[in-house]
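Working through the structure, step by step
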Amino acid sequence: MLILNLSTFLASYRQNQEPDRVKNYLQFILLLPLIIKAQDLKPNTLAPNPAAKGFSAKADQYLQTLYKQGNFTGNVLVAHQGKILFQKAYGWANQANKSPNTLQTKFRIASVSKQFAATLIMQLVEKGKLQVSDPLSKFLPDYPKGDSITIRQLLSHTSGIPEMTKLPGFMNKNIPAANLYQKIDFFKSAPLNSKPGSKFEYANSNYLLLSAIAEKVSGIPYEKLLQQEILDKVPMTNSGVNKNDGEIKGVAQGYVQLGNGQWKTAAPRVANAAYGAGGMYSTVNDLYLWDRALYTQALLSENTKKQLFKPVRNNYGYGWLIRKSMGKTEYSHNGKTNGFLSLISRFPDDDACIIVLSNSTSTKPGEIKTELARLLFN
């Protein structure tokens, strides 16, 4: 099989004696299709990672130890350079009926949902329907001080808007069960914690407002917009917006660890409770498809993706935490809700991805991710 390098061939051609130039030029023209084909077939430019050898056995040994200690139940996936190196399920999806977690088990992913909401907003930016510099008042005219808060500040948690769940009366007024606009009415009159743009303060309130903006600008309910603009395009066939417990087939039961091997069923969650702030469920394999899609332009252009992954304040971009980990660039986000913990971590320069989904509050996804990354990168 003939494999030629274009630059090498041209260098050789330039060094030839004058009488041979015509002959070599003809040879070059005849071989051009083979040369181009060889360039197209160039292998992955990332060097093979020697630590990947034996990674699966080491990862399983580590996770089995955590499981036996009562410190992990859930699913894990690790991929590197476009290949899944490890994926496995541990523990019970439902202890009452003895249903084990499988790789098809769905988990509530809580605040990992924010990156999907941010993507929807940036898709609307690409369509010319809004700009990140637009004031909140352009979409919600009656929102107090909405003219001083921008879409960019909502995306990056720099709006100064307080965390809804920390406001007095959140539980007493049954706000968790309220619809999107009732939730917004609950916190919109609360004073700002800081001047918009001056400080990073993580608040789910920001992403509830972004959910409402996405609905108003697109004219489509948030759940349907998420489905048609992201989930169908990736595609993520085992992901969606949360429903009441028991309404979605295959979703794990969340648990709170009481100690001494005892577990308590976590409090139920209400349908659509968190919208873009934390209202999704997914699987490890669907989230890996999401990771792969972010390397393409299927959802966003390269320029727009750079905005997602550009820190604004405190290493937070638009729905992603951007930082250095073990000397490597890392894009990540975690999530926590009743009985569930989640984390997705991407190392773009190494084309690596670590996903941890758990239906137990005893799990520490950040520590699991760090140990798996250490094993992977040696």
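These lines cover the structure that appears in this document, whether it is placed above or below. Every value quoted in this text rests on a predicted model; they were computed, and no experiment measured them. (Residues numbered from 1 in each chain as written. Predicted model: local features only at pLDDT ≥ 70, side-chain atom pairs only at ≥ 80, totals over all residues. Heavy atoms only, no water.)

Looking now at the environment of Ala 59. One can find Ala 59 in helix 3 (residues 55–68). Residue classification places Ala 59 among the buried positions, given a relative accessible area of 0%. Separated by 312 residues in sequence, Ala 59 and Glu 371 have C-alpha atoms that sit 8.7 Å apart. (Helix = DSSP H or I, 4+ residues; strand = E, 2+ residues; numbered from the N terminus. Buried < 20%, exposed > 50% of the residue type's maximum accessible area, 1.4 Å probe, protein only.)

Bringing the layout of surface pockets into the picture now. Each pocket or cavity is described by its volume, and for the largest pocket that value is around 650 Å³. Lining the largest pocket are 32 residues, and of these Thr 165, Arg 269, Lys 336, Thr 337 and Asn 338 sit closest to its centre. Mapped onto the lining of the largest pocket, the elements with two or more residues apiece are helix 7 (204–218), strand 11 (328–337), strand 12 (340–347) and helix 11 (365–377). No other element matches the 4 residues that strand 11 contributes to the lining of the largest pocket. By residue class, the composition of the lining of the largest pocket is 16 nonpolar, 13 polar and 3 charged. (1 Å grid on protein atoms, 1.4 Å probe; cavity = no way out; pocket = protein on both sides within 12 Å on 5 of 7 lines; lining within 4 Å. Points joined across faces, edges and corners; volume = space filled by probe spheres on them. Nonpolar A, V, L, I, M, F, W, Y, C, P; charged D, E, K, R; others polar.)

What follows covers the pairing of strand 2 (residues 83–90). Regular strands place side chains that alternate from one sheet face to the opposite one. Relative to strand 2, strand 1 (residues 74–80) is paired through 7 bridges, and the arrangement is antiparallel. Bridged to Leu 77 within strand 2 is Gln 87. The hairpin formed by strand 1 and strand 2 contains 2 residues between the paired strands, and Gln 81 there has a positive phi angle of roughly 55 degrees. (Pairing = 2+ DSSP bridges.)

A few words on the environment of Ala 203. Considering the arrangement of structural elements, one finds Ala 203 in the loop between helix 6 (180–187) and helix 7. In the structure, Ala 203 is positioned 46 residues away from His 157 in sequence and 6.4 Å away in space, judged by C-alpha atoms. When near neighbours in sequence (up to four residues on either side) are disregarded, Ala 203 contacts His 157, Ile 161, Pro 162 and Glu 163. (Contact = heavy atoms within 4.5 Å.)

Next up on the list: helix 11. Taking 1.5 Å as the rise per residue, helix 11 with 13 residues should run 18 Å; its terminal C-alpha atoms sit 18 Å apart, in good agreement. Taken residue by residue, helix 11 has Pro 365, Ile 368, Lys 369, Leu 372, Ala 373, Leu 375, Leu 376 and Phe 377 as its buried positions. After helix 11 finishes, the residue Asn 378 shows a positive phi value of roughly 60 degrees. (Expected span 1.5 Å × (residues − 1).)

With that out of the way, let us pick up the sheet that holds strand 1. Read across the sheet, 6 strands follow the order 2-1-13-12-11-10 without closing on themselves; strand pairing throughout is antiparallel. Bordering the open sheet on either side are strand 2 and strand 10 (321–325), each of which pairs with just one other strand. Across this sheet, the average inter-strand angle for adjacent strands is 15 degrees, counted without regard to direction. Judged from the 7 bridges that link them, strand 11 and strand 12 form a sheet pairing that is antiparallel. Each bridged residue has a counterpart across the sheet, and for Asn 334 the counterpart in strand 12 is Leu 343. Where helix 11 meets the sheet, its contacts fall on strand 1, strand 2, strand 10, strand 11, strand 12 and strand 13 (352–358), and the angle it forms with strand 12 comes to roughly 30 degrees. (Axes fitted to C-alpha atoms, helices over the stretch in contact; angles between N-to-C directions.)

What follows is about the side chain of Ser 194. Note on placement: Ser 194 falls in the loop between helix 6 and helix 7. Given a relative accessible area of 13%, Ser 194 falls into the buried group. At a separation of 2.9 Å, a polar atom in the side chain of Ser 194 contacts the side chain of Glu 201. Residues in contact with Ser 194, not counting those within four places in the same chain, are Ser 159, Gly 160, Lys 199 and Glu 201. (Polar contact = N/O pair within 3.5 Å; in protein donor to acceptor, adjacent residues only side chain to side chain.)

Counted under the stated rule, the structure contains 10 aromatic pairs. When the ring of Phe 107 is compared with that of Phe 340, the centres are 6.5 Å apart and the planes differ by 85 degrees; the resulting orientation is edge-to-face. Separated by 233 residues along the polypeptide, Phe 107 in strand 5 (residues 107–108) and Phe 340 in strand 12 bring together distant segments of the chain. Aromatic side chains Phe 347 and Phe 377 sit 5.1 Å apart centroid to centroid with 75 degrees between the ring planes, which places their arrangement in the edge-to-face category. Highlighted residues: Phe 347 in strand 12 and Phe 377 in helix 11, separated in sequence by 30 residues. (Phe/Tyr/Trp six-rings, centres within 6.5 Å; stacked < 30°, edge-to-face > 60°.)

By size, the foremost hydrophobic cluster in this structure holds 75 residues, and its most contacted members are Leu 155, Phe 187 and Trp 290. Sorting elements by how many residues they give to this core places helix 7 first, with 8 residues. Excluding its chain neighbours within four sequence positions, the residues that come into contact with Trp 290 are Gln 115, Phe 116, Thr 119, Ile 230, Val 234, Met 236, Leu 299, Trp 320 and Ile 344. With 19 residues, the next largest nonpolar core counts Phe 55, Phe 72, Val 78 and Leu 376 among its residues. (Core = buried A, V, L, I, M, F, W, Y, C linked by side-chain atoms within 4.5 Å.)

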